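Reading the structure
The residues making up each chain are set out below.
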Amino acid sequence: MTRLANGGVIDRQRPLRFTFNGKRYQGYEGDTLASALVANDVLIVGRSFKYHRPRGLLTCGPEEPNALVQLVSDGDQPNLRATEIPLREDLEARSVNCWPSAKFDLRAINSVLAPLFPAGFYYKTFMAGRWDFYSRFIRQAAGLGHSPKERDQGRYERVNHHADVLIVGAGPSGIQAARVSAETGHDVMVLDMQESPGGHLLFHPRQIDGRAASDWVSREVGELQARENVTWLQSTTATGYYDHNMVIAVQHEPAESWLKERLWHIRASKVVIATGAVERPLIFPGNDRPGVMLADAAVRYIRRFAAVPGKRVLIYTNNSTPYAHLETFKTAGIEIQSILDLRKSPSEAELSLARNSEVPVIVDARITGVQGRSGVKGVTYQNGAGTKTVRCDFVCHSGGWNPLIHLYSHAGGRSRFEQASAAFVPGERAQGAYPIGGANGTFSLAEGLKEATDVANTLFCESVGNSAWSTPATPATEDEVAYRIDQIWPEKGLKGKAFVDFQNDVTTADIALAVRENFQSIEHVKRYTTAGMAVDQGKIGNPNVIGLVSRELGEEQSSVGTTTFRPPFAPVSFGAIGGSERGPLIIPARTTPMTAWNIENGAAMDEAGANFRRPFFFPRPGEVMEDAVAREAAAVRTSCGIYDGSPLGTFELQGPDTGELLNRLYTNRFDNLPVGRGRFGLMLREDGRLFDDGVTFRVDQNRYLMSCGTGAAGPVYAHIDRLLQTEWTDLNVYLVNVSAAWATMCVCGPLARVVLGKLESDIALDPTFQFLDFRDGALEGINVRVARVSYTGELSFEVNVARRSALKLWKILMEAGKEFDITPVGSETSGVLRIEKGFISPGHEGDNITNPFDAGMGWIVDMTKSDFIGKRSLLRDIKLGGERQHVVGLLPDDERAPVADGSALLPAQESNSRSGFQGHVTAACFSPTLKRTIALALLKDGQNRHGEKVVISGLENSCVATVTEPAFYDPKGERMRA
Amino acid sequence: MKRFSIFSIARNALTGHRHWEKMWRSPDPKREYDVVIIGGGGHGLGAAYFLAKEHGITNVAVLEKGWLGGGNTGRNTMTVRSNFLREDSVPFHEMSLDLYHQLSRDLNYNLMVSQRGMITFIQSSAANRIALQMANTMHIYGAEYRMLTLDEVKQKIPIFDPSPNMRLPVRGGVYQPRASMVRHDAVAWGFARAADARGVDIIQNCEVTGIQQEKGAVTGVETTRGLIKAKKVGMAVAGHGSVVASMVGQRLPITTQPLQAWVSEPVKPVLNEIVVIRSYYGTYLMQSDKGEIVVGQGADPYPSYAQRGTFPIIEDATTSMLEVFPSFGRLKLLRHWAGMLDIPYDGSPIISKTNTCGFYIDVAGSGGFKTTPAAANTFAHLIAKDTPHPLAEKLGLERFSSGRLIQEGGVSANR
Amino acid sequence: MLEIPCPWCGPRNETEFVCAGEADRKRPANPEAETEEAWADYLFNTTNPKGVVREWWWHVSGCTRWFQIDRDTVTHEITPVKDPSK
């Protein structure tokens, strides 16, 4: 146990027991899993992806590539970073992707076979036979943790938020930017990834305004959080920056105990990016050995968690950062072996820090090897004086800093390589993104604070007016050692494995190989070697990849360019993305006043279009679908049926030009329709294909009521509204969608008049009430409009009624029809009745390809009208002629042959004039009325083939059928006009 | 071209992999070629390969404005399938599948064709009808597309765990056993290496800025690397069709819309088949060889060349994914991106001559990865012979003025 | 997630709208006078520019008005149009 007696934020009074890789350990409240492992001297935390090399902790934050674990105790979550898991009592975690254990992993054999697995080896072999054979083994070896097997029990929600300025990151720059912005009175939102605000000040002992930085943080944040115009969220990661300043952020473990995560959609006028920077590793043989850690990470473990990674450290650097850490190591009782500096001449300020701590500095030095497989025993290095091996039990290295420009890049901002800081920093701006501090490549505390003041000031000084405005001062800080870096790459052809991407096991040799094989674009190198493609998404490794490629090519880093950072910044659970929309909430089903009644009365429900659920059929006990449909159809044909037509679309059109509009919308005329009458209309798309059909009534001189199919209601409304508002703005017509205001029930069958006649009513059902007439009045005191339309081919009354009265009227009708066994009818039965009648359905026979002539509906197309939607395309169809598919009827020779919808049509053997695919069955059923199988179909040149035989070729059955007119029952339509 | 094999790897291992050849040259452009192909993605490189291999035309340049395979070839979800609705679509897509299954050997480059099979959930009677129509049409052309009962679906996909109060209950599925996943980058690189070996010049970082014509016929292309003469120019620039075609004044019946895809962090194998949840939003998902759950959906709802998508699409798709795979709630989204789709009005590919003599176009249709080898092959045929390949006869631009569209309901996007 | 400036309702999320295509696509006054090619051009072809496009948007989940905006298809920058309903 290597835990300091004092210091850190851990609560030594609250020990927590936990299990890691099957062994029990103890940590404290305030630990992360990673810090507790450091404190317990657990060196091996995982295995690498390809070679299964033992790996230890490299970092202390979300960029950690090695310590990926399966969190068994909390929903069996895979691939969590130990550095991000707060320690809990009885927490249990396992390293991913190793077997049988992280300490002893059999797949480490890959390390021995490594010469056979260069970058991209799989493109060059396994070509004999099927890849599936090989991929079975490769897939087993790939993947990290395993997917949970149980349903996710977590609950989630999404919320929207607006802000004048969103500040991402509550480090010193973020806090200062928030302070200045808040004082202007604007709405400010601050997000911070960590549990507590302060950013790197949480880990480093700095001074601000002459006192401990932590005091400054708590005072500033306390004041800001108390303000009305500030929204402040900790443990919240901004994961992506989208169009028009929309930032998505995920809040972990919100205060509400029932909530797992909350996804924020934040629309801000300006976004200040104060996300800081992460340390970059150096590249040297053995840089992945357990015990080789980034210098800043080591300091964080010591400072915040009082967890000490070792007793004797060797520091390796190419920049000034680690010199500031010497004090921390000393205080923690760590012996500092020496500093190996790649640079030839560290600055005087740096050297004086080393002298103060009595640490020898060896300049112009390179590590050539790390001793120890599962823990560091020593380091071999080279300098002018030759090769030397020193003993140490851990190595801290620093290769400089990577500004976290991810959000800036998501927003469309460019990055540029800045030689002085050897980093990719924000370049040309996009949207309202303003990077400050470390994220902007400004690594000095003082300069970062000043930048925060300046940026916030520029954003808002205009809107608050200069006179009333005095910018809050930038707080003072103590002197810092100036940041200096000299990027020195390992020599070419380095011996030993030096890793560039730790997680995907990409080495310097892999990069060199890719370049040798002419993968020169950085994107090619990335894809060929998989560098930067692992779950850390290259946060720490990408700049090194770019550096190495530029070295191999002999080009400047700035010209090799950077890879695109794609969102999210850190992985986001699908649970949070899905929000609360589960089950019925995904797309709430629309209901009619009769929906509940239908379900209570045993309806099997089906999707009816436009998100309506409606009865499919009403099975009685013991009935299968075919029985129920036959019974329902028989009721309609012989006595009386009733169905709920409320999902149909209904539009009211008013205005002097309505007749003209309808003339242009439909293929037939409507301006000459008498008031009080309805007419069936056919609507085409502009490309001449069937769009919708339905009956439109003329209620008044300038007032029409249009009905359309359920699924078509939305598209038809859009179609008419578009024409009125964008093309025919001269037409004086108002269009209102009244679908939801009306409920519709259709009483149909030879006894429909008798049933309706039992109700007390002022509507005369006498012979003058003809087919396609409508009458307004009352039924049992309920105001209704009754229309004679028929979608079944039988005598039929469509009763339209205000929604609120619908169920009452429905029940009255059911009661009145009881003695005639009035039967509720589902959509499957309606379908059968339609097929018997040969009524064309744009959704079935239309199939996006059929024009009205193909459908045998030329009778409804008035080509003498000067124009209507689709007419020009019909002229084209007529002119071009050729073979089109026509709607036909099919009667199988075997009257009971089962025919499936969608069956293909092939020429029958006797006719050799045609070959190949001839069309398909659009709708088929066993007709309960005709007691035989019937079908509607689209058949090439079908109108000229009545009487011919075709083969109906189904997946399971085939049969021969005769081509007929598409009308099997009452072709003259006498019954519905009765 | 030195052949790749397990032996070549072993041999090179002995010399520390220091002696691998370049996979393709990076030549400077010549002043003139017989054929210039604009676009170094799968379609363009493939067309060059087939021009050389099947038509003996090797004096060919492929011009790529960025890096090979950097467009939609590197941005798709790697799925290849032939479950289409129309008799004019199915054979073309079947040809593509046939070619995919033999290309690894022909190219001596492992495209990692993983025949996982695709299962489309059926969640309404309308979906059932369309599945049947597709299945029957495909059956005629020898393509297997099988209806599955709910139990069969559950058997094939053990982690399928539909929510008990699911908005649209899954009734069953429809299954194409031959649908596969193909390593997308390998398609570009494999074609590039094989085309290069046959003498094709592949020229990267070479953007076409104009097309020169004389008397209605193409004479060459202006590029950022100078004028390159050619009497035949083929365009295979998924996501930039209108931009390049406008250089000869050709308008196209397409819109360019982002198609997004995203992946989870990699996990051990849990899902073998490619699964399509068609009912809500047309969401599809699969697990890559690497272990990532790869997810996608229909195109974004407006034209864009921004190569980024809109987040609500991901939210919608996630809700439908979690309905059937609720255990994925704690898997994490790792990366999301968008390709730019040139979506033809009818959703079918356009492989066509144009009003400008010698200027040929290959517009991929909605989701061009699956058609890559067939489109490349038939495009090469069209360029070489100036007449369409029999399987692409109906894919010309003429279909739009004649009204003989190939309306596809089974495509990933339509307008 | 675009923020669409509805001239009547102000800025709203894109999910309230339908992008309804290029505004310069105008139905010919006399379709029958159009050649087959011209008619097909109207029906199917687009300009589909990489850059600024003037297009119709429909505020379907709002005021249901149709209006025009200028939108850059690369940057997604939106500029309102002076008389958006023309």
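Cut-offs used in this document
- Residues numbered from 1 in each chain as written.
- Chains lettered and ligands numbered in written order.
- Predicted model: local features only at pLDDT ≥ 70, side-chain atom pairs only at ≥ 80, totals over all residues.
- Helix = DSSP H or I, 4+ residues; strand = E, 2+ residues; numbered from the N terminus.
- Buried ≥ 20, exposed ≤ 12 C-beta atoms within 10 Å, placed from the backbone.
- Contact = placed C-beta atoms within 7 Å.
- Pairing = 2+ DSSP bridges.
- Axes fitted to C-alpha atoms, helices over the stretch in contact; angles between N-to-C directions.
- Parallel < 35°, antiparallel > 145°, perpendicular 65-115°, else oblique.
- Nonpolar A, V, L, I, M, F, W, Y, C, P; charged D, E, K, R; others polar.
- Core = buried A, V, L, I, M, F, W, Y, C linked by C-beta atoms within 7 Å.
- Expected span 1.5 Å × (residues − 1).
- Arc of directions from axis to C-beta.
- Left-handed = near helix turned anticlockwise from the far one by under 90°.
- pLDDT = per-residue confidence, 0-100.

1. A closer look at the overall build of chain C
- Of regular secondary structure, chain C possesses one helix and six strands.
- Helices and strands appear in chain C in the N-to-C order β-β-β-α-β-β-β.
- Projecting the C-alpha coordinates of chain C onto the three principal axes gives extents of approximately 40 × 25 × 25 Å.
- Scored against the burial criterion, the 86 residues of chain C give a buried share of 33%.
- A fraction of 49% describes how many contacts in chain C between residues 6 or more apart in sequence connect residues 24 or more apart.

2. A short note on the overall build of chain B
- For chain B, the count of helices and strands is ten helices and 19 strands.
- The principal-axis extents of the C-alpha atoms in chain B amount to approximately 65 × 65 × 40 Å.
- Every one of the 415 residues in chain B was classed for burial, and the buried ones make up 66%.
- Summarising the internal contacts of chain B: among those between residues at least 6 apart in sequence, 76% fall at separations of at least 24.

3. Things to note about the pairing of strand E2 (residues 10-13) of chain C
Residue and element names in this part refer to chain C.
- Pairing geometry for strand E1 (residues 3-6) and E2, over four bridges, is antiparallel. Looking at E2, one finds that isoleucine 4 is bridged to arginine 12.
- Hairpin connection, E1 to E2: the antiparallel pair is bridged by three residues.

4. Observations regarding the packing of helix H3 (residues 90-107) of chain B against helix H9 (residues 372-385) of chain B
Residues and elements named next belong to chain B.
- Relative orientation of the contacting elements H3 and H9 amounts to 105°, with a least axis distance of 7 Å. By the angle between their directions, the pair H3 and H9 is classed as roughly perpendicular. Together, Phe92, His93, Met95, Ser96, Leu99, Tyr100 and Leu103 of H3 and Thr372, Pro373, Ala374 and Asn377 of H9 make up the contact between the two elements.
- For the contact of H3 with H9, the class distribution of residues is seven nonpolar, four polar and no charged.

5. Some words on the nonpolar core
- A:Val272, A:Val747, B:Val36, B:Ile38 and B:Ala48 are the most contacted members of the largest nonpolar core, which totals 443 residues.
- Here the element with the most residues in this core is helix H6 (residues 184-197) of chain B; it accounts for eight residues.
- If we ignore the near neighbours within four places in the chain, the residues touching B:Ala48 are B:Ile37, B:Val60, B:Val62, B:Ala195 and B:Val200.

6. Here we look at the pairing of strand E14 (residues 274-277) of chain B
Residue and element names in this part refer to chain B.
- The side-chain alternation of E14 yields two buried faces, one formed by Ile274 and Val276 and the other by Val275 and Ile277.
- Bridging between strand E4 (residues 118-122) and E14 involves three bridges; their strand directions are parallel. Residue pairing for E14: methionine 118 is matched across the bridge by isoleucine 274.
- Examined bridge by bridge, E14 and strand E15 (residues 283-287) share three bridges and lie antiparallel to one another. For isoleucine 277, the partnering residue across the bridge sits in E15 and is threonine 283.

7. Quick look at the sheet that holds strand E20 (residues 361-363) of chain A
Residue and element names in this part refer to chain A.
- Spatially, five strands are ordered E17-E24-E18-E19-E20 in an open sheet, and the strand pairing comes out parallel. Two strands in the sheet have a free side with no partner beyond their single neighbour: strand E17 (292-294) and E20. Neighbour-to-neighbour, the strand axes of the sheet open up by a mean angle of 25°, direction not taken into account.
- Taken together, the three bridges between strand E19 (residues 335-341) and E20 define a ladder with parallel strand orientation. If you follow leucine 340 over to E20, its bridge partner there is isoleucine 362.

8. As for helix H18 (residues 658-665) of chain A
- Taken across its eight residues, H18(A) has seven buried, putting it largely inside the fold.
- The inward-facing, buried residues of H18(A) abut strand E35 (649-654), strand E36 (678-684), strand E37 (690-700), strand E38 (703-708) and helix H19 (713-727) of chain A.

9. A word on the sheet that holds strand E5 (residues 66-72) of chain C
Residue and element names in this part refer to chain C.
- Spatial strand order, E3-E4-E5-E6: four strands in an open sheet with antiparallel pairing. Each edge of the open sheet carries a strand with a single partner, namely strand E3 (18-22) and strand E6 (78-80). Adjacent strand axes in the sheet meet at a mean angle of 40°, parallel and antiparallel pairs treated alike.
- Summarising the sheet, strand E4 (residues 52-58) and E5 pair through seven bridges and their orientation is antiparallel. By the bridge assignment, tryptophan 56 is partnered in E5 with glutamine 68.

10. Here's the deal with the environment of A:Arg47
Residues and elements named next belong to chain A.
- Here arginine 47 is to be found in strand E3 (residues 46-47).
- Owing to 25 C-beta atoms within 10 Å, arginine 47 belongs among the buried residues under this scheme.
- Taking C-alpha positions, arginine 47 is 71 Å from isoleucine 878, a pair spaced 831 residues apart along the chain.
- Each residue touching arginine 47, except ones within four places of it in the same chain, is listed here: His52, Arg53, Pro54, Arg55, Ser95, Asn97, Cys98, Ala102 and Asp105.

11. Description of helix H5 (residues 213-225) of chain A
Residues and elements named next belong to chain A.
- Here H5 spans 18 Å end to end across 13 residues, near enough to the 18 Å set by a 1.5 Å rise per residue.
- Within H5, the full set of buried residues consists of Ala213, Trp216, Val217, Glu220, Val221 and Leu224. In an axial view of H5, the angular spread of the buried residues amounts to 110°, which keeps them on one side of the axis. Those residues of H5 that are exposed and angled more than 90 degrees off the buried face are Gly222 and Glu223.
- Of the surrounding secondary structure, the elements contacted by the buried residues of H5 are helix H4 (172-183), strand E10 (207-208), strand E11 (211-212) and strand E12 (230-233).

12. Remarks on the interface of chain C and chain B
- Facing 18 residues of chain C, the contacting portion of chain B comprises 20 residues.
- With five residues, helix H1 (residues 36-44) of chain C is the largest single contributor of residues to the side of chain C that touches chain B.
- A per-class count over the side of chain C that touches chain B returns six nonpolar, seven polar and five charged.

13. Notes on the packing of helix H11 (residues 508-516) of chain A against helix H12 (residues 522-529) of chain A
Residues and elements named next belong to chain A.
- The N-to-C vectors of H11 and H12 enclose an angle of 120°; their axes lie 10 Å apart at closest approach. Taken as axis vectors, H11 and H12 run oblique relative to one another. Helix-helix and strand crossings are classified by hand; for H11 and H12 the assignment is right-handed. Judged by residue contacts, Asp510, Ile511, Ala514 and Val515 of H11 engage Val525, Tyr528 and Thr529 from H12.
- A per-class count over the contact of H11 with H12 returns five nonpolar, one polar and one charged.

14. Points about the confidence of the model for chain C
- Per-residue confidence for chain C gives a mean pLDDT of 94, with 98% of residues at or over 70.
- This prediction of the complex comes with two scores: 0.95 for pTM and 0.98 for ipTM.

15. Some remarks on the interface of chain A and chain B
- Residue-level contacts link 82 residues of chain A with 82 residues of chain B.
- For the side of chain A that touches chain B, the elements supplying multiple residues, two or more each, are strand E6 (77-81), helix H3 (131-141), H11, H12, strand E31 (572-573), helix H15 (574-578), strand E32 (604-609) and helix H24 (871-880) of chain A.
- Take the side of chain A that touches chain B: its biggest share by element is six residues, from H3(A).
- When its residues are assigned to classes, the side of chain A that touches chain B shows 34 nonpolar, 28 polar and 20 charged.

16. Some points on the environment of B:Val200
Residues and elements named next belong to chain B.
- Inspection of the secondary structure puts valine 200 in the loop between H6 and strand E8 (201-203).
- In this structure, the C-alpha to C-alpha distance between valine 200 and alanine 384, residues 184 residues apart in sequence, is 15 Å.
- Setting aside its immediate chain neighbours within four residues, valine 200 contacts Ala48, Ala52, Thr58, Val60, Val62 and Ala195.

17. Overview of the confidence of the model for chain B
- On average, chain B scores 94 in pLDDT, and the residues at 70 or more come to 98%.
- Confidence over residues 410-415 of chain B falls short of pLDDT 50; this stretch has 23 contacts with residues more than four positions distant or in other chains.

18. Considerations on the environment of B:Pro388
All names here are of chain B.
- Mapped onto the elements, proline 388 comes out in the loop between H9 and helix H10 (398-402).
- With 18 C-beta atoms packed within 10 Å, proline 388 lands in the partly exposed category.
- Along the backbone, proline 388 and isoleucine 314 are 74 residues apart, and their C-alpha atoms lie at a distance of 39 Å.
- The contacts of proline 388, once residues within four sequence positions are left out, are Leu382, Glu393 and Gly396.

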